Amino acid sequence: MADAQATPLPSILLIGCGKMGGAMLEGWLAEGLAPSVVVDRHRDTLPAPHRLVRDVADLPADFRPALIVLAMKPQKVAAAIAAVAPLATHAPVLSVLAGRTVGGLTDALRAHMPPGAHPVIIRSMPNTPAAVGEGMTVSYAPPCASAAQRALCDRVLSAVGQTAWVTHEDDINVVTAISGSGPAYVFLLAELLEQAGIEGGLPPALARQIARQTVSGAGVLMQRSGIDADELRRNVTSPGGTTQQALSVLMAPDAWPATLHAAVRAATERAHELAS
Ligand SMILES: NC(=O)c1ccc[n+]([C@@H]2O[C@H](COP(=O)([O-])OP(=O)(O)OC[C@H]3O[C@@H](n4cnc5c(N)ncnc54)[C@H](OP(=O)(O)O)[C@@H]3O)[C@@H](O)[C@H]2O)c1
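Described below are features of the structure shown in this document. (Residues numbered from 1 in each chain as written. Predicted model: local features only at pLDDT ≥ 70, side-chain atom pairs only at ≥ 80, totals over all residues. Heavy atoms only, no water.)

1. Focus: helix α6 (residues 182-199)
Argument step 1. With 18 residues, α6 ought to run about 26 Å at 1.5 Å a step, and its terminal C-alpha atoms sit 26 Å apart, in line with that.
Argument step 2. Considered for burial, the residues of α6 that qualify are Gly182, Pro183, Ala190 and Gly197. All buried residues of α6 fall inside an arc of 115° around its axis, so they share one side.
Argument step 3. Tucked into the core, α6 has its buried residues touching α5 (171-180) and α7 (204-225).
Argument step 4. Residue glycine 201 follows α6 closely and has a positive phi angle near 105°. (Helix = DSSP H or I, 4+ residues; strand = E, 2+ residues; numbered from the N terminus. Expected span 1.5 Å × (residues − 1). Buried < 20%, exposed > 50% of the residue type's maximum accessible area, 1.4 Å probe, protein only. Arc of directions from axis to C-beta. Contact = heavy atoms within 4.5 Å.)

So this is what it looks like as structure tokens:
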């Protein structure tokens, strides 16, 4: 979260301002981003002094960002590489692309750089709660990244939530399957609870209200109390009561424990497949 004593947010080139790039940008704008440039085909407006362009071919010639953030779909990065390469000789590149490796991105950029030039790529996996300053971002910095470049990325990412670092790049794929994709699993839980309420005969508006507030209230309780999740679960579970009955279904070995582990494995494998 924002730290009043922290250094100001630097000037950024953000390429791709959709669900994830847009979520991070919300947080950065709220915290006073230095004059920056956003590249996106779909965004309509950006408050001054920031500049919005539709295509990397339209980057202002005078613009020298302190950090380049890649936030397009992994399959779309190739189209931006040639335009990014000249800027990446001066500024580190923070990639939030699922699966794409530091080595793959480095090779792609170097193909458009003078001989001997070496871009610095920091690979991060944020999540969309960044939009409200409650993100979780885990990053990997290769050995060629300086302490200052790493600190710069941490400053930018910690403006939109919590940060952590891993020392093995491969761990980012598991992180992707848990905290990167994880908000979707939680939102699915809210959807299913709402549907169950409607099927149980509740008015739809009430089913929606209780599902949403239960998911968000439980999250806030977990965060503020610092109590372990299993203890918080036991606090809800009266012996012989309703919760125990429900949990005997959900916690059966072939139910949530198996399903969630299989889901995380599937997402991790997909992150590996996207690697290049
Ligand atoms: N969504 C998440 O929860 C999440 C979490 C962690 C990481 N990520 C990563 O973040 C990246 C973006 O995901 P997203 O869900 O935010 O995708 P998204 O909503 O599709 O946003 C990407 C945006 O970038 C635009 N774009 C891509 N290349 C461009 C270019 N060369 N010039 C101008 N605009 C360009 C896209 O426009 P077009 O559609 O027209 O190309 C789109 O508006 C992915 O690599 C993903 O792995 C996402």
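2. Here we look at the site of the ligand
Argument step 1. Not every one of the 21 residues close to the ligand is listed here, only the nearest: Met20, Asp40, His42, Met72 and Lys76.
Argument step 2. A distance of 3.5 Å is found between an oxygen atom of the ligand and a backbone nitrogen or oxygen belonging to glycine 18.
Argument step 3. Separating an oxygen atom of the ligand from a side-chain N or O atom of lysine 76 is a distance of 2.7 Å.
Argument step 4. Within the complex, the protein chains bury 85% of what would otherwise be the 880 Å² of accessible surface of the ligand. (Near = heavy atom within 4 Å. Polar contact = N/O pair within 3.5 Å; in protein donor to acceptor, adjacent residues only side chain to side chain. Areas by Shrake-Rupley, 256 points an atom, 1.4 Å probe, with all protein chains shown as cover.)

3. Concerning the packing of α6 against α7
Argument step 1. Where α6 contacts α7, the axes come no closer than 8 Å and their chain directions differ by 145°. Two packed elements cross with a definite hand, and for α6 against α7 that hand is right-handed. Every residue of α7 that contacts α6 at Val186, Leu189, Ala190, Leu193, Glu194, Gly197 and Ile198 is listed here: Pro204, Ala207, Arg208, Ala211 and Val215. (Axes fitted to C-alpha atoms, helices over the stretch in contact; angles between N-to-C directions. Left-handed = near helix turned anticlockwise from the far one by under 90°.)

4. Things to note about the packing of α5 against α6
Argument step 1. Relative orientation of the contacting elements α5 and α6 amounts to 30°, with a least axis distance of 5 Å. By the angle class used here, α5 and α6 are roughly parallel. Of the residues in α6, those touching α5 at Ala177, Ile178, Ser179 and Gly180 are Gly182, Pro183 and Tyr185.
Argument step 2. Class assignment of the residues belonging to the contact of α5 with α6 gives a composition of four nonpolar, three polar and no charged. (Parallel < 35°, antiparallel > 145°, perpendicular 65-115°, else oblique. Nonpolar A, V, L, I, M, F, W, Y, C, P; charged D, E, K, R; others polar.)

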